[in-house]
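So you can see what is in the structure, the chains are spelled out below.
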Amino acid sequence: MLNNIRSKQIIIIGAIVLLGAFLFTRDIKGLVKPKEQTSNVPAAGPMASEAPQPISLEEVSASGKTLISPNFAAEITSLENAFKAAADKDKIASAKVLAQKWDDVEQSAPSALYLEIIANQEKTLNSWLVTGDRFLKAFDSSRDSLLQPALLQRANAAYTNAMSIDSTSNDAKTGLGITIVDGLGMPMKGIALLMDVVKKDPKNLKANMSLGTFAIKSGQFDKAITRFNNIIAIKPSPDAYFYLATAYESLGKNTDAIDAYLKSKKLAANPKLSKFIDDKVLELKSKN
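It should be emphasised that the depicted structure is a prediction, and the values quoted were computed from it without experimental measurement. (Residues numbered from 1 in each chain as written. Predicted model: local features only at pLDDT ≥ 70, side-chain atom pairs only at ≥ 80, totals over all residues. Heavy atoms only, no water.)

### Thoughts on helix 11 (residues 221-234)
This is how the line gets drawn: Only DSSP runs of H or I covering at least 4 residues are called helices, and only runs of E covering at least 2 are called strands; the numbering of each starts at the N terminus. Expected span of a helix: the number of residues minus one, times 1.5 Å. Burial classes: relative accessible area under 20% of the type maximum marks a residue as buried, over 50% as exposed, and values in between as partly exposed (1.4 Å probe, protein chains only).
Over its 14 residues, helix 11 extends 20 Å from the first C-alpha to the last, a length consistent with the 20 Å expected when each residue adds 1.5 Å. When helix 11 is considered as a whole, its buried residues turn out to be F221, A224, I225, R227, F228, I231 and I232.

### Concerning the side chain of R227
Rule in force here: Charged residues are defined here as Lys and Arg on the positive side and Asp and Glu on the negative side; His and the ends of the chain fall outside this count. Here, a salt bridge means any Lys or Arg side-chain nitrogen found within 4 Å of an Asp or Glu carboxyl oxygen. Contacts described as polar in this section are N or O atom pairs within 3.5 Å, which, within protein, must combine one atom able to donate a hydrogen with one able to accept it, while residues neighboring in sequence count only if both atoms come from side chains. A contact between two residues is defined here by any heavy atoms of the two lying within 4.5 Å.
Residue placement: R227 occurs in helix 11. Buried within the structure, R227 lacks any salt-bridge partner; D201 is the closest side chain of opposite charge, at an N-O distance of 11 Å. A polar contact of 2.8 Å, which involves the side chain of R227, links it to the side chain of N208. Discounting residues that sit within four places of it in the chain, R227 has contacts with M195, V198, N208, L211 and G212.

### Observations concerning the pattern of salt bridges
Following the criterion strictly, the structure yields 16 salt bridges and no others. Among the salt bridges present, the one from E116 reaches R154, with a minimum N-O distance of 2.7 Å. Taken as a pair, E116 in helix 5 (residues 108-122) and R154 in helix 7 (residues 147-165) lie far apart in primary sequence, 38 residues in all. R154 matches E116 in its accessibility class, with the two residues each being buried.

### A word on helix 2 (residues 57-65)
Since the α-helix turns once every 3.6 residues, residues separated by three or four places project in the same direction. Counted only if it meets this: When we speak of the arc, we mean the arc of directions from the helix axis to the C-beta atoms.
Within helix 2, burial applies to L57, V60, S61 and G64. For helix 2, the angular spread of buried residues about the axis comes to 100°, placing them on one side. Summarising the geometry of helix 2, the exposed residues directed more than 90 degrees from the buried face are E58 and E59. Looking at the packing, one finds that the buried side of helix 2 touches helix 3 (70-85), helix 4 (88-104) and helix 5.

### Here's the deal with the packing of aromatic side chains
As a reminder of what qualifies: Two aromatic rings from Phe, Tyr or Trp, using only the six-membered ring of Trp, form a pair when their centres are within 6.5 Å; if the ring planes differ by under 30 degrees the pair is stacked, by over 60 it is edge-to-face, and anything between is tilted.
Summed over the entire model, instances satisfying the criterion amount to 4 aromatic pairs. Aromatic pair F83 and Y114: ring centres 5.4 Å apart, planes at 90°, arrangement edge-to-face. Of this pair, F83 sits in helix 3 while Y114 sits in helix 5, and the two are 31 residues apart along the sequence. Look at F83 and you get buried, because its relative accessible area is 11%.

### Observations regarding the environment of N229
Structurally, N229 is set in helix 11. Sequence separation between N229 and Y241 is 12 residues; the distance between their C-alpha atoms is 8.3 Å.

### Topic: the confidence of the model for the chain
A low pLDDT means the predicted coordinates there should not be read in detail. This is how the line gets drawn: pLDDT expresses, on a scale from 0 to 100, how confident the predictor is about each individual residue.
Averaged over the chain, the pLDDT score is 86; the fraction of residues at 70 or greater is 82%. In this model, residues 23-44 is a region of pLDDT below 50 whose contacts with residues beyond four sequence positions or in other chains number 64 contacts.

### What to know about the packing of helix 7 against helix 8 (residues 170-181)
Short version of the rule: An axis is simply a line fitted to the C-alpha atoms; with a helix, the fit covers only the stretch in contact. Between two such axes, the angle follows the N-to-C directions and lies from 0 to 180 degrees. Any angle from 65 to 115 degrees is called roughly perpendicular, while one under 35 is roughly parallel, one over 145 is roughly antiparallel, and all others are oblique. When the near helix sits turned anticlockwise from the far one by under a right angle, the crossing is termed left-handed; a clockwise turn instead gives a right-handed crossing. Residue type decides the class: Asp, Glu, Lys and Arg count as charged, Ala, Val, Leu, Ile, Met, Phe, Trp, Tyr, Cys and Pro as nonpolar, and the leftover types, Gly among them, as polar.
As a packed pair, helix 7 and helix 8 sit with axes 9 Å apart at the nearest point and diverge in direction by 150°. One finds that helix 7 runs roughly antiparallel with respect to helix 8. With respect to the hand of their crossing, helix 7 and helix 8 are arranged in left-handed fashion. The segment helix 7 lies against helix 8, with L152, A155, N156, Y159, T160, A162 and M163 engaging D171, A172, K173, G175, L176, T179 and I180. Taken together, the residues that form the contact of helix 7 with helix 8 break down as 8 nonpolar, 4 polar and 2 charged.

### Details of the environment of V198
Along the chain, V198 turns up in helix 9 (residues 187-200). In this structure, the C-alpha to C-alpha distance between V198 and L211, residues 13 residues apart in sequence, is 9.5 Å.

### Re the nonpolar core
Heads up, the rule is: Buried Ala, Val, Leu, Ile, Met, Phe, Trp, Tyr and Cys residues form a nonpolar core when they are joined through side-chain atoms within 4.5 Å.
Among the nonpolar cores identified, the biggest contains 48 residues, and I55, W102, Y114, F135 and L151 are the most heavily contacted of them. Here this core takes 8 residues from helix 7, the largest share from any one element. Filtering out sequence-adjacent residues up to four positions away, F135 remains in contact with I55, A112, L113, E116, L151, R154 and A155. A224, I231, A245 and L284 belong to the second largest nonpolar core, which has 27 residues in total.

### Section: the environment of L129
By the element assignment, L129 lies in helix 6 (residues 125-141). Each C-alpha atom of the pair L129 and N161 lies 8.7 Å from the other, and the pair is 32 residues apart in sequence. With residues near it in sequence (within four places) discarded, L129 still touches Y159, A162, S169, D171 and A172.

Shown next, in the form of structure tokens:
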């Protein structure tokens, strides 16, 4: 029985990973990642109290430039040279330009590192929140197993700095909770933070989404269904319907799963996702 549950988890998590390649809601995609399931609760990763692992801005920049057009790469190289040559009083303005330019070309890791430079100078709640969000986005989109832990730790550090400025900030608590659930420290510590946010702000989509995807990862499919139905009642999205469908599918509720998958397809209007869902619907219908 236990092996059957674990097998379902692996299949469902694999399907959810595919969602990351199809959809564009970057703030919530990638919360469920391909991992070997050794228990019903994801294993803890590096402790949140550890110092953030170093990330080479030069290496991340060089890697990012291989993924964009030569013209954009040349433009960014010029901006980087200007940043290095800038006087201290002009560094922040130059870093802001680079952070935006990297974000424009969907390269979140170098963008986050420049935002971190800015936040270390400005030391404001918003600058740390923006930095944490960008590192988390980079973590979600990265498939570099060596870089991922460092990105997650940097996100955690940014949200921790935000919390030190305003311990009541729901945005800071949500980000911090997500980083812990995703692998820093014990997952239940992160869940407690997210539950506190939802208690104070029941319509907080980011916190609710993380709680829902954690419920799937930990095999609590009934809880996931309740959570995603609540999310959909607040704001329907292709992500929420897709996650709802995978939870239904894992419980053998194929008719409900088909309905949710088709609603995800309609809202996303993405050809690749549509093809995946069409195949999935045919598979589920054959089981009825």
